[in-house]
Amino acid sequence: MYKIIASDLDETLLDDHHQICEANKKAIHEASKRGVKFVPCTGRGYMAIQAILKDLDLDDKENEYSISFNGCALTENKNNRLIFFNGLDFDKAAELFEFGKTKDVCIHVYTSTEVYVYNLNEDERQRFYNQKNTFIEIEGESIEFLRDEPIAKVLYQNVDVPYLKSFEEEMRSLTDDAVSVSYSSNRYMELNRLGVNKGDTLRQLAKLLGCDIEQTIGVGDNYNDMPMLLAAGLSVAAGNSVPDVKEACDYVCENDNNQGVLAELIEKFILNEK
């Protein structure tokens, strides 16, 4: 019997309007009644998903958990209790910020509780508003003011993903032995501490809960989800997933993120489990 569903949020649980459809809500509730935990496993910070947790009646609950910042943080939802946080060293984050300034990207710098944004474009500004996420614009040319803050990750945004990938090789001296690179939402290059990923944090949560990793389901749509999908006992791709994710998964949903990905997988693998 599966005990944990670890789910990506954007473009997986959430529709194109960043909402949870009723079919997904109902299915997650039914799975919960059968003792299956629903665990958000997201690139967003844990403070940025509070409305989603509330919508699922998981906010401020003991023994309910969230994985955030691509695996950098594991929190218990009750009081957002931080179980661990494995962020970037400040000097490395500052180097990544300086490199990003040389490219046509919007830069996000995530602390444990805030997101700071440099070179914000209107498309990205609208995405923040649509997600109901707050941000702070960086007014100067440095992030030195964040030196004493825990930094989860740095992110580069451009809707031209081949452009983002084009300077990955140029960044080798910055990333080798220090930074992991992944992609999400068909618009982000994600930069975490080397070794940080959704899959390893899912393994840690399963161990914490006394659950075998084979009793977990991972569901996602993009490259930053791959470690989670490869770690989980059952890997599920949203119908709108990038081709490489579909190829890697045990099951590919017919439903896309606007039709109820979680509803489909819960119906098939939880409610109809033999």
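Draft legend 1. Up close: the side chain of Thr75. As for its position among the elements, Thr75 is in strand 4 (residues 73-76). In this view, Thr75 contacts Tyr46, Glu64, Tyr65, Ser66, Asn80, Arg81, Leu82 and Ile83; residues no more than four positions away in its chain are not counted.

Draft legend 2. Inspection of the environment of Asn79 at higher detail. Here Asn79 is to be found in the loop between strand 4 and strand 5 (81-85). Judged by its relative accessible area of 61%, Asn79 falls in the exposed class.

Draft legend 3. Focus on the packing of aromatic side chains. In total, this model carries 12 aromatic pairs according to the counting rule given. Geometrically, the ring pair formed by Tyr46 and Phe69 is edge-to-face, given 6.1 Å between the ring centres and 75° between the ring planes. Here Phe69 lies in the loop between strand 3 (65-68) and strand 4 and Tyr46 lies in the loop between strand 2 (37-40) and helix 3 (50-55), a separation of 23 residues in the sequence. Residues Tyr46 and Phe69 agree in their burial class; the two are buried. Arranged with centres 6.2 Å apart and planes meeting at 55°, the rings of Tyr156 and Phe167 form a pair that is tilted. Residue Tyr156 is located in strand 9 (residues 151-157), and its partner Phe167 is located in the loop between helix 6 (161-166) and helix 7 (172-175); the two are separated by 11 residues in the primary sequence.

Draft legend 4. Representation of the pattern of salt bridges. In the structure shown here, the tally under the stated rule is 25 salt bridges. Ionic pairing is found between Arg147 and Asp91, a salt bridge with its closest N-O pair at 3.3 Å. In this pair, Arg147 is assigned in the loop between strand 8 (136-137) and strand 9 and Asp91 in helix 4 (residues 90-100), connecting sequence segments 56 residues apart. We classify Asp91 as partly exposed; its relative accessible area is 49%. Counted as one network, the salt bridges with shared partners bring together Asp8, Lys198 and Asp225.

Draft legend 5. Highlighting unusual backbone geometry. Despite not being glycine, Asp57 shows a phi value in the positive range, around 60°. Tracing the backbone through its elements, the reader meets Asp57 in the loop between helix 3 and strand 3. Residues other than glycine seldom take positive phi values, yet Asn70 does so here, at roughly 65°. With respect to the secondary-structure elements, Asn70 resides in the loop between strand 3 and strand 4. Asn70 gets classed as buried once you look at its relative accessible area, which sits at 4%.

Basis of the calculations
- Residues numbered from 1 in each chain as written.
- Predicted model: local features only at pLDDT ≥ 70, side-chain atom pairs only at ≥ 80, totals over all residues.
- Heavy atoms only, no water.
- Helix = DSSP H or I, 4+ residues; strand = E, 2+ residues; numbered from the N terminus.
- Contact = heavy atoms within 4.5 Å.
- Buried < 20%, exposed > 50% of the residue type's maximum accessible area, 1.4 Å probe, protein only.
- Phe/Tyr/Trp six-rings, centres within 6.5 Å; stacked < 30°, edge-to-face > 60°.
- Salt bridge = Lys/Arg side-chain N within 4 Å of Asp/Glu carboxyl O.

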